[in-house]
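Here's the letter readout for the chains.
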Amino acid sequence: MIDLYTWSTPNGRKVSIALEELGLDYTVHAIDITKDEQFDPDFLKIAPNNRIPAIVDQDNGTTLMESGAILMYLAEKTNRLLPSNTEDRWRAIEWLMWQMGGQGPMLGQVHHFVRFNPGKAEYAEQRYLGEAKRLYGVLNKRLDGRDYVANHYSIADIAIWPWVSRFEWQTIDLNEFPHVRDWYIRIAERPAVKRGYVVPNVQEIPVPA
Ligand SMILES: N[C@@H](CCC(=O)N[C@@H](CS)C(=O)NCC(=O)O)C(=O)O
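Residues numbered from 1 in each chain as written. Predicted model: local features only at pLDDT ≥ 70, side-chain atom pairs only at ≥ 80, totals over all residues.

### Digging into the nonpolar core
Then comes step 1: Within the largest apolar cluster, 55 residues are counted, with the highest numbers of intra-cluster contacts made by A18, L71, I155, A156, I158, I160 and V180.
Then comes step 2: Residue contributions to this core peak at eight residues, all from helix α6 (residues 155-164).
Then comes step 3: Per-domain counts for this core show at least three residues from each of domain 1 (2-78) and domain 2 (86-190).
Then comes step 4: In this structure, V180 is in contact with Y136, L139, N140, L143, V164 and L174, ignoring residues within four places of it in sequence. (Core = buried A, V, L, I, M, F, W, Y, C linked by C-beta atoms within 7 Å. Buried ≥ 20, exposed ≤ 12 C-beta atoms within 10 Å, placed from the backbone. Helix = DSSP H or I, 4+ residues; strand = E, 2+ residues; numbered from the N terminus. Domains from an automatic or database assignment. Contact = placed C-beta atoms within 7 Å.)

### Overview of the sheet that holds strand β4 (residues 62-65)
Then comes step 1: Taken in spatial order, the four strands of this open sheet run β2-β1-β3-β4, and their pairing is mixed. Each having just a single partner strand, β2 (26-30) and β4 make up the two edges of the open sheet. The mean inter-strand angle of the sheet, taken between neighbouring strand axes irrespective of direction, is 15 degrees.
Then comes step 2: One ladder, built from four bridges, connects strand β3 (residues 54-57) with β4; its direction is antiparallel. Paired with I55 across the two strands is L64, which belongs to β4.
Then comes step 3: Of the strands in this sheet, β1 (2-6), β2 and β3 are in contact with helix α1 (residues 10-22), which crosses β1 at around 150 degrees. (Pairing = 2+ DSSP bridges. Axes fitted to C-alpha atoms, helices over the stretch in contact; angles between N-to-C directions.)

### Remarks on the domain arrangement of the protein
Then comes step 1: Taken as a whole, the protein is organised into domain 1 (2-78) and domain 2 (86-190).
Then comes step 2: Here domain 1 and domain 2 have C-alpha centroids that lie 21 Å from each other.
Then comes step 3: Taken residue by residue, the interface counts twelve residues in domain 1 and nine residues in domain 2.
Then comes step 4: Elements with a minimum of two residues in the side of domain 1 that touches domain 2: α1 and α3 (67-78).
Then comes step 5: With seven residues, the top contributor of residues to the side of domain 1 that touches domain 2 is α1.
Then comes step 6: Considered class by class, the residues forming the side of domain 1 that touches domain 2 number six nonpolar, three polar and three charged. (Nonpolar A, V, L, I, M, F, W, Y, C, P; charged D, E, K, R; others polar.)

### What to know about the site of the ligand
Then comes step 1: The local shell around the ligand consists of T9, P10, N11, I33, Q38, N50, R51, I52, P53, E66, S67 and G68.
Then comes step 2: Residues belonging to the shell around the ligand are distributed by class as follows: four nonpolar, six polar and two charged. (Near = placed C-beta within 6 Å.)

### Considering the environment of R91
Then comes step 1: Tracing the backbone shows R91 in helix α4 (residues 86-116).
Then comes step 2: A C-alpha to C-alpha distance of 30 Å links R91 and Q58, two positions 33 residues apart in sequence.

Have a look at this one:
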């Protein structure tokens, strides 16, 4: 049994989607970050960076923060969603790191400046939207001729996809990145993704026009 501390955000959804894909039993603890519940002292004991997601694995007492580490932990625990052969395994880890170090943080800044504070910092809007478009272009090239970023569906796809699902907030037209669009729709149709997306709050998965 896994305790999942989460909220309805891209980083939170990575973990609920992975748990659904892996069929692991889990209990959801909603941490409402709009009410600063991520600063609760009890939550800080397992997530000292005061961010969701975090997990506690009741099988062995392991506590973990950082969505990328949690995805790797769950993949290792189950021997699934992270291929064992060297090429595919490291390709999946490579794209997971691309997501954690680049795509997530840059798109997060797009949400901050373009979606929530438009007109306040023109340089920041241009800088982060430009970087977002560059990253979408990189992903589009990677998915040209591939169904999944590391050849097989893996934790890399599960990390990247929830951030792409906010394409409307990012003012990104997925039709300009057709390989990303097709991959996005392919993953959106997975039953486990549909179940994981609505944790802890029910929201519709955005569909590109
Ligand atoms: N690198 C962290 C980032 C986690 C993160 O930024 N979580 C956001 C929600 S997506 C959060 O908890 N924000 C609360 C806040 O900004 O105080 C991870 O991947 O887990």
